[in-house]
Amino acid sequence: MFLSTVEGRYWVELIDQATADWESFRMNHAVSKYFAKHVADRRAVPPGDFAEARFFSLRNRNAEPVSTAMIRPKRIDVGVAHANKSPFPDYMEDYSILARHMRVAFDTRCYPYGR
């Protein structure tokens, strides 16, 4: 567990490609593609746009993933729920807690399909 939130939910950080692949499979979304770009951009000289990205999975009390977030410097850049649905308003408080803990900005525009 990385960070407790509300109603037994908690955030964990996705730290390797296998975990990101599992997250994508379970959540039916493409976070693993962005994680792979993050790994490639970290290795690039000079580092690419995704080099500093961090990825987090919101889990329920049964350890099932319910939402995934990508943080880039200064803000939560992407937040999605299962099958690329919006995580808001259901997980608004969870995202606010993550943003405060990571000292980054957050608003619901991080849901990429509602822009």
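Anyway, here's the lowdown on the structure attached to this text.

Calculation criteria
Residues numbered from 1 in each chain as written. Predicted model: local features only at pLDDT ≥ 70, side-chain atom pairs only at ≥ 80, totals over all residues. Heavy atoms only, no water. Helix = DSSP H or I, 4+ residues; strand = E, 2+ residues; numbered from the N terminus. Expected span 1.5 Å × (residues − 1). Buried < 20%, exposed > 50% of the residue type's maximum accessible area, 1.4 Å probe, protein only. Contact = heavy atoms within 4.5 Å.

Here's the deal with the environment of Asp21
Inspection of the secondary structure assignment puts Asp21 in helix 1 (residues 17-27). Linking Asp21 and Phe35, residues 14 residues apart in sequence, is a C-alpha distance of 8.7 Å.

As for helix 2 (residues 31-43)
Taking 1.5 Å of rise per residue, 13 residues should cover 18 Å, and helix 2 covers 19 Å from first to last C-alpha, within 8% of that figure. Of all the positions in helix 2, only Val31, Ser32, Phe35, His38, Val39 and Asp41 are classed as buried. At its buried positions, helix 2 is contacted by strand 2 (10-14), helix 1, strand 3 (54-59) and strand 4 (65-72).

Considering the environment of Phe35
Position of Phe35 among the secondary structure elements: in helix 2. As for Phe35 and Ala53, which are separated by 18 residues in sequence, their C-alpha atoms are 8.4 Å apart. Residues contacting Phe35, with those up to four places away along its chain left out, are Leu14, Ile15, Asp16, Gln17, Ala20 and Phe55.

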